[in-house]
Each structure stands twice: as C-alpha cells, then as structure tokens.
Amino acid sequence: MFGKAGYNSWSFFVPFLEPGSNISYFQKKGRMNMQERLYEFLRGNKKNYNKKSIYDIWEYSLEELETDHHYIQWLFPLQKRSVHNLLCPVVKDIRDFRDPKIIRNMRESFERMLDFYGLEYTDEQVRETIYFKESLKRWCTPKNHNFLRITRILKSLKLFGLKKEAVAFFMKLRSIYRERYRIIGKNTYLYSKEAAMS
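Computed from a prediction, not measured in an experiment: that's the story for all the values here. All chains use their own residue numbering, which begins from 1 and follows the written sequence. Given that this is a predicted model, residues contribute local features only at a pLDDT of at least 70 and side-chain atom pairs are listed and counted only at 80 or more, while totals for whole chains, interfaces and linings are drawn from all residues. Values shown for side chains rest on all heavy atoms present in the structure; no hydrogens or waters enter the calculation.

### Some remarks on the environment of Glu36
Now for step 1: Starting at the N terminus, helices and strands are each numbered in turn, a helix being any DSSP run of H or I of at least four residues and a strand any DSSP run of E of at least two. Counting through the fold element by element, Glu36 comes out in helix α1 (residues 34-43).
Now for step 2: Sequence-wise, Glu36 and Pro89 are 53 residues apart; in three dimensions their C-alpha atoms are separated by 10.0 Å.

What follows is the structure, given as structure tokens:
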C-alpha cells in the first residue's frame, strides 16, 4: 500500500498497532514508516512525533493552537513538504488515505480551526461567531503566520476531497480581505484563492 522509498522510509518503533485499522498491510510488528504513522494519526489511532494524538490537539486551548507550530502539518498534510518543518509528514499517494474516518476527522479538525479564527461552518457556509472580532486581533495582523496556516488548510481540504468546505472558507476569507486588504496583502489573498479555487 505505502511505498518504502525516499522519505517514506523514515520510521518510528511501535510495539503493536491498536485495534481498528482495517488495512492488512499494517498488521505486522516492528517499524512504521511516516505514511503509515500519518494514516493512523489521522484515524485517531496513533500519536505524532510530539506525542500528541488528533484528539489531544482538538482539546488545545486557543493559546496552544496559536503557539504550537507543529500540529498544523499533521492535521492538514499536503503532498509537498513544509520548508518550516522538514520532519512534517507528506502525503505520497492520496488514494491511500481515502478512509471515511479520516475524512470525518479532517472535517472535525477544520471546524476546530474555524473556531480558533472566530468562524463556524453551517449550512455549507462559513460564518462569523460572536468571538470573531476578538479573534481577528489574534490572527489578522500584518505578516501573521496564520495566513500560511490558512493556505495549508485550504490546500489540504481540497486534497482530501473536501472541496465544498475549502470554497466556503475562501469565500469568507474574501469578504475579510475586502475589509482588511492592507493588513492581509494582495499576495496572501491570491495564494489563498489559488489554494481553494484552482
């Protein structure tokens, strides 16, 4: 299922696999490569290399979501490695991740991050919550690292087949940009547009 060449051969020792994985390829003792670990992390069966499960991250406080710079690559993996974290997981073949539980968990992670931004996903639209204006003070500032996070989230949602969610998020971002274009910047806006709409 998962290849053994290149970065996918990076491995971590695991004594056994938790029950629940329905992929026979994983039914072995010994070592688990990065693709396998990412797969099991997204299903909720394994922790990342910072010893955090997806459930642990969902319970993060707003401060933890802001200051921890490693979880975002695990919640929203891409097919290209991040220049900011060379040890982050990379999706080699998205077909290996077509798992209903992974998609459900991806959507839950998306909604958790929307909450961090003072937003929510309802009726296939992204709307402001009562905390939106206060949240803007945290993430909508010049050259804020959350702009890169948002672009990653949009790309990852599309990669995992959550196109409607990505487009809805971008449409809200577009309205935010119209009011705060001097803060966000044109290039940042165009990156997010390409990530969601291309």
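### Overview of the nonpolar core
Now for step 1: By size, the foremost hydrophobic cluster in this structure holds 52 residues, and its most contacted members are Trp139, Phe160 and Phe169.
Now for step 2: Examining the composition of this core, we find that 8 residues originate from one element, helix α8 (residues 163-184), more than from any other.
Now for step 3: Contacts are residue-level and defined by heavy atoms, with any inter-residue pair within 4.5 Å sufficient. In contact with Phe160, not counting residues within four places along its chain, are Leu42, Pro77, Val91, Ile94, Phe97, Arg98, Ile102, Ile103 and Met106. The nonpolar core is taken to be a set of buried Ala, Val, Leu, Ile, Met, Phe, Trp, Tyr and Cys residues, with the residues joined through side-chain atoms within 4.5 Å. Residue exposure (1.4 Å probe, protein chains only): buried if accessible area is under 20% of the type maximum, exposed if over 50%, otherwise partly exposed.

### A few points about the environment of Ile150
Now for step 1: Looking at the secondary structure, you find Ile150 in helix α7 (residues 146-159).
Now for step 2: Spatially, the C-alpha atoms of Ile150 and Ala195 are 9.4 Å apart, while their sequence positions differ by 45 residues.
Now for step 3: Ignoring any residue separated from it by four or fewer positions in sequence, one finds Ile150 in contact with Tyr117, Trp139, Phe169 and Leu173.

The quantities given are spatial measurements derived from coordinates; they are silent on function.
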